[in-house]
Amino acid sequence: MTTPRQKHLEEDLATMADLLISKGPLPTRHVRSVAPAIVRKWLIDGNLNLLAKELSVTFELPTSDTSQVFSALQSAPHIKFFMAGGIPIGGVPIRWIYASSQPYSGEPDFPFDAPLTRLSPGKFLNTKRVFFEGQAFSTEQILLFVANKYGGVHFDEQRDKPWQEPLERAANYMTFGNPNNETEQRFIELGEPGGPCMFIVPNEKGNLWSCLEIELLCAAQSLLNVHCNGQRLIITGEG
């Protein structure tokens, strides 16, 4: 017999599949109004764990193992910014984006070995995803910030945790999209060298995504691909 919480999860996953899987550019309003609330409900608020106990099953979320990358970042002072990413935006894969003060040598500045793994909800939330000015930020911090400070669940302008202001600076430092309807894919610096950057994605006309919103979409993708006792829960037609 399907429990109310189980039915609720199935409906939420179906909603995300309907609104967040698209061959064309995603409307930003869909992402900002739907994804934070659903992802927070099941991961941050612990409803996926509660459902696991109700059904006596194990849920796991597919994601990249970023532990080696973040270990290397601790001894790479020339790296100012890094984000794991892992989804396409406007047909362009956004994955392993970093900013370095050193000239590009033709090879990555640090190891990019991040094999795909499946994690319990708790371990998934603890996974580090964004690095900025020497500080690493977890999936849980990113999701909480997007849901509570960006207006995804409610809008709160206060920054009362010590990690919130640097995380907001990271969000403003690296953005993606095409607010000015450009035709060429490129990175541009928005101010002085070493300052905020934008990755122009031509197909994202009128859209602008922060790195935190990209990470939100990555978390939503992981939830859509959640596994129950080793088997994928729903089939969406995506990887």
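Just above, that's the structure.
This structure is a prediction, so every number in the text was calculated from the model and none was measured.

The computed volume of the largest pocket comes to approximately 910 Å³. Forming the walls of the largest pocket are 42 residues, and the residues nearest its centre are Gly 86, Ile 87, Pro 88, Leu 217 and Gln 221. Contributions of two or more residues to the lining of the largest pocket are made by strand E1 (59–64), strand E2 (79–89), helix H6 (139–148), strand E9 (197–205) and helix H8 (211–224). Residue composition of the lining of the largest pocket, by class: 19 nonpolar, 16 polar and seven charged. When its volume is computed, the second largest pocket comes out at roughly 300 Å³. Surrounding the second largest pocket, 16 residues form its lining, Tyr 98, Ala 99, Ser 100, Tyr 173 and Cys 197 being those nearest its centre. Of all the secondary-structure elements, those providing two or more residues to the lining of the second largest pocket are strand E3 (92–100) and strand E8 (186–189). Of the residues forming the lining of the second largest pocket, the biggest block, five residues, is contributed by E3. Split by residue class, the lining of the second largest pocket holds nine nonpolar, five polar and two charged.

For the rest of this paragraph, the subject is the packing of H6 against H8. The angle between the axes and the distance between the axes are what describe a pair of packed helices. In contact at an axis separation of 10 Å, H6 and H8 are set at 110° when each is read in the N-to-C sense. One element, H6, and the other, H8, form an angle in the roughly perpendicular class. Classified by chirality, the crossing of H8 by H6 is left-handed. Contacts from Ile 142, Leu 143, Phe 145 and Val 146 in H6 reach Leu 212, Glu 215, Leu 216 and Ala 219 in H8. Its residues placed into classes, the contact of H6 with H8 shows seven nonpolar, no polar and one charged.

By size, the foremost hydrophobic cluster in this structure holds 60 residues, and its most contacted members are Met 16, Phe 81, Phe 176 and Leu 223. Per element, the largest residue contribution to this core is 10 residues, and it comes from H8. Here Leu 223 is in contact with Leu 13, Met 16, Ile 38, Val 39, Trp 42, Leu 43, Leu 48 and Leu 61, once residues within four sequence places are set aside. Judged by nonpolar contacts, the second largest core, of 12 residues, contains Ala 72, Leu 73, Ile 79 and Ala 84.

In the contact formed by helix H1 (residues 4–20) and helix H3 (residues 47–55), the axes pass within 10 Å of each other and the chain directions differ by 135°. When the axes of H1 and H3 are compared, the pair comes out oblique. In this structure, H1 meets H3 at a crossing whose hand is left-handed. For the pair H1 and H3, contact is made by Arg 5, Gln 6 and Leu 9 and by Asn 47, Leu 48, Leu 50, Leu 51, Glu 54 and Leu 55, respectively. Its residues assigned to classes, the contact of H1 with H3 comprises five nonpolar, two polar and two charged.

This next bit is on the packing of aromatic side chains. Under the criterion given, the structure shown has seven aromatic pairs. Pairing Phe 132 with Tyr 173 gives two aromatic rings, centres 5.3 Å apart and planes at 50°, and the pair type is tilted. Taken as a pair, Phe 132 in strand E5 (residues 128–132) and Tyr 173 in helix H7 (residues 164–173) lie far apart in primary sequence, 41 residues in all. Both residues of the pair, Phe 132 and Tyr 173, belong to the buried class. Ring geometry for Phe 176 versus Phe 199: centroids 6.0 Å apart, planes at 65°, classification edge-to-face. Of the two residues, Phe 176 is situated in strand E7 (residues 174–178) and Phe 199 in strand E9; the sequence distance between them amounts to 23 residues. A residue is classified by how much of its surface remains accessible, and Phe 176, at 0% relative accessible area, is buried. Overall, Phe 199 belongs to the buried group, its relative accessible area being 7%.

Calculation criteria
- Residues numbered from 1 in each chain as written.
- Predicted model: local features only at pLDDT ≥ 70, side-chain atom pairs only at ≥ 80, totals over all residues.
- Heavy atoms only, no water.
- 1 Å grid on protein atoms, 1.4 Å probe; cavity = no way out; pocket = protein on both sides within 12 Å on 5 of 7 lines; lining within 4 Å.
- Points joined across faces, edges and corners; volume = space filled by probe spheres on them.
- Helix = DSSP H or I, 4+ residues; strand = E, 2+ residues; numbered from the N terminus.
- Nonpolar A, V, L, I, M, F, W, Y, C, P; charged D, E, K, R; others polar.
- Axes fitted to C-alpha atoms, helices over the stretch in contact; angles between N-to-C directions.
- Parallel < 35°, antiparallel > 145°, perpendicular 65-115°, else oblique.
- Left-handed = near helix turned anticlockwise from the far one by under 90°.
- Contact = heavy atoms within 4.5 Å.
- Core = buried A, V, L, I, M, F, W, Y, C linked by side-chain atoms within 4.5 Å.
- Buried < 20%, exposed > 50% of the residue type's maximum accessible area, 1.4 Å probe, protein only.
- Phe/Tyr/Trp six-rings, centres within 6.5 Å; stacked < 30°, edge-to-face > 60°.

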